[in-house]
Amino acid sequence: MMSVEWNSFFAKRTKNITGSQIRHFFALTEQPEVISFAGGFPGNDYFPKEDIANSLVHLVREEGRQALQYSPTEGTCDLRMVLSEKMYREGKPCEAENLIITDGSQQGIDLLGRILINPGDPVLVEEPAYIGGMSVFKSYGGITLGIDMDSEGPIPARMEQTIIRWTENNKKPKIFYTVPNFQNPTGITTSLKRRYEILALASRYNLVIIEDDPYGELFYDEDIPLSYKALDREDRVIFLGSYSKVLIPGIRIGWLAGPGQLIEKVTMAKQTADLCSSSLGQQLACKLSSEGFVDKHVNRLRKLYRQKRDVMIDSMEKYFPPDINYSRPGGGFFIWVNFPAYYPSSKELLDLSLKQNVAFVHGEGFSSNGGGWHSARFSFSQPSIEDIIIGIRRLGNIFYEVEASYSVKIAGH
Ligand SMILES: Cc1ncc(COP(=O)(O)O)c(C=O)c1O
């Protein structure tokens, strides 16, 4: 029997859809003996299972007519009201009608890609950037242009150079996608000064800013700077929020806030994507938010994740060779590690580490500019405190061995 040659069926645009390298070795890192700093998932032990179970029982029994039914494409009125109030409280005012519920913020990025990107359009992103964001832009034929960062965030002069260079080639970038708080993958938070500078550039060159902020509430030292959305006076910022990191990702509830014209288009795009987001998930998010549970839970999470962050940084200080640099994030889940240039590539280091049952994500996948070969993302959100110490100690031994074999090589020359 002849089987179908599927490649001949796929639409041309699917050639831009590539899998994430993180997913490729996920199966490997999920093995129980592996201590994984690779996944960026929330800590499984921190899910408020009992509170969620009780609320779900209540919702199904008492509000089942709505909770189990389809809901409006743009989201339930109640949840949009709750989120609008939240946005006001956080200094980024937004009316409920300027806000649409999405299936996690990932769907928000995808819907934006769908309505804003033509094949060949350049899209400014951070260098390195969130892989899931870049994959969306590429899947619609966009070309991601990485803007180098320092400890204060994306560098405005680099951004301007890139805009000018591409505009001269008749390809003016029109979008800047950013994760300004505790960025995935670097953990860097863009300073307030930078936010003003980047917003001024956006105004000068007529860019739209997509501000993706799933980690902003998880700060462990000081509160985050004002958001782009709060500073925006020209309706050029689209804000993406999510319940995934502050409550649970399993309900797939996020939101997108922006000007009315944009929300209208996003709503139409969402109609064809999913009709509506999970009604039960929206009701749950709405109930737990309006009762104040989510805020209390986030307070608890800050303490729990802060401890893990501290343990990972302390362990790196103790066990890593001193010429390895790493970011010191004030929140979120991620630490970005830079290895010295004479080390083997981070992919080779990962292979060595996997042999010792420790995983992290090597850096190239986060880069638009062919960089990342000597960098890696470490996440402290999922492993236990004990495993963080054991895993970092094991890696420290590997890295010291790498350095020792290099010294032997040099001495031999
Ligand atoms: C920067 C960033 N944006 C968006 C997402 C997607 O989150 P969700 O769709 O669960 O809201 C993630 C998930 O890790 C992320 O790190």
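Residues numbered from 1 in each chain as written. Predicted model: local features only at pLDDT ≥ 70, side-chain atom pairs only at ≥ 80, totals over all residues.

Visitor: Quick one: what's the story with helix H13 (residues 346–355), residue by residue and with numbers?
Guide: Three or more residues of H13 are buried, namely Ser346, Leu349, Leu350 and Ser353. For H13, the arc enclosing every buried residue in end-on projection is 105 degrees, short of the 170-degree limit, so these residues lie on one face. Opposite the buried face of H13, at more than 90 degrees from it, the exposed residues are Asp351 and Lys355. Where H13 is buried, its residues meet strand S12 (358–359), strand S13 (361–362), strand S14 (375–379) and helix H14 (385–412). Looking one or two residues beyond H13, the residue adopting positive phi is Asn357, at roughly 60 degrees. (Buried ≥ 20, exposed ≤ 12 C-beta atoms within 10 Å, placed from the backbone. Helix = DSSP H or I, 4+ residues; strand = E, 2+ residues; numbered from the N terminus. Arc of directions from axis to C-beta. Contact = placed C-beta atoms within 7 Å.)

Visitor: With reference to specific residues and values, describe the packing of helix H3 (residues 49–67) against helix H11 (residues 279–290).
Guide: As a packed pair, H3 and H11 sit with axes 10 Å apart at the nearest point and diverge in direction by 120 degrees. With respect to each other, H3 and H11 are oriented oblique. The handedness of the crossing between H3 and H11 comes out as right-handed. Side by side, H3 and H11 meet where Ile52, Ser55, Leu56, Leu59, Glu63, Gln66 and Ala67 of the first sit next to Ser279, Leu280, Gln283, Leu284, Lys287 and Leu288 of the second. Each residue belonging to the contact of H3 with H11 can be placed in one class, and the counts come to 7 nonpolar, 4 polar and 2 charged. (Axes fitted to C-alpha atoms, helices over the stretch in contact; angles between N-to-C directions. Parallel < 35°, antiparallel > 145°, perpendicular 65-115°, else oblique. Left-handed = near helix turned anticlockwise from the far one by under 90°. Nonpolar A, V, L, I, M, F, W, Y, C, P; charged D, E, K, R; others polar.)

Visitor: With reference to specific residues and values, describe the pairing of strand S8 (residues 237–242).
Guide: Of all 6 residues in S8, 6 are buried; the element is thus mostly enclosed. Neither face of S8 is open: one carries Val237, Phe239 and Gly241, the other Ile238, Leu240 and Ser242, and all of them are buried. Alignment of strand S7 (residues 208–212) against S8, held across 4 bridges, turns out to be parallel. Bridge assignment links Glu211 to a residue of S8, and that residue is Phe239. (Pairing = 2+ DSSP bridges.)

Visitor: An account of the packing of helix H12 (residues 293–319) against H14 is needed here, citing residue identities and associated values.
Guide: Two numbers describe how H12 lies on H14: the axes approach to 9 Å, and their chain directions differ by 25 degrees. One way to sum up the angle between H12 and H14 is to call them roughly parallel. Crossing geometry of H12 relative to H14 is assigned as right-handed. Where H12 abuts H14, its residues Gln307, Lys308, Val311, Met312, Ser315, Met316 and Tyr319 lie against Ile385, Ile388, Ile389, Ile392, Arg393 and Gly396. The class makeup of the residues in the contact of H12 with H14 is 8 nonpolar, 3 polar and 2 charged.

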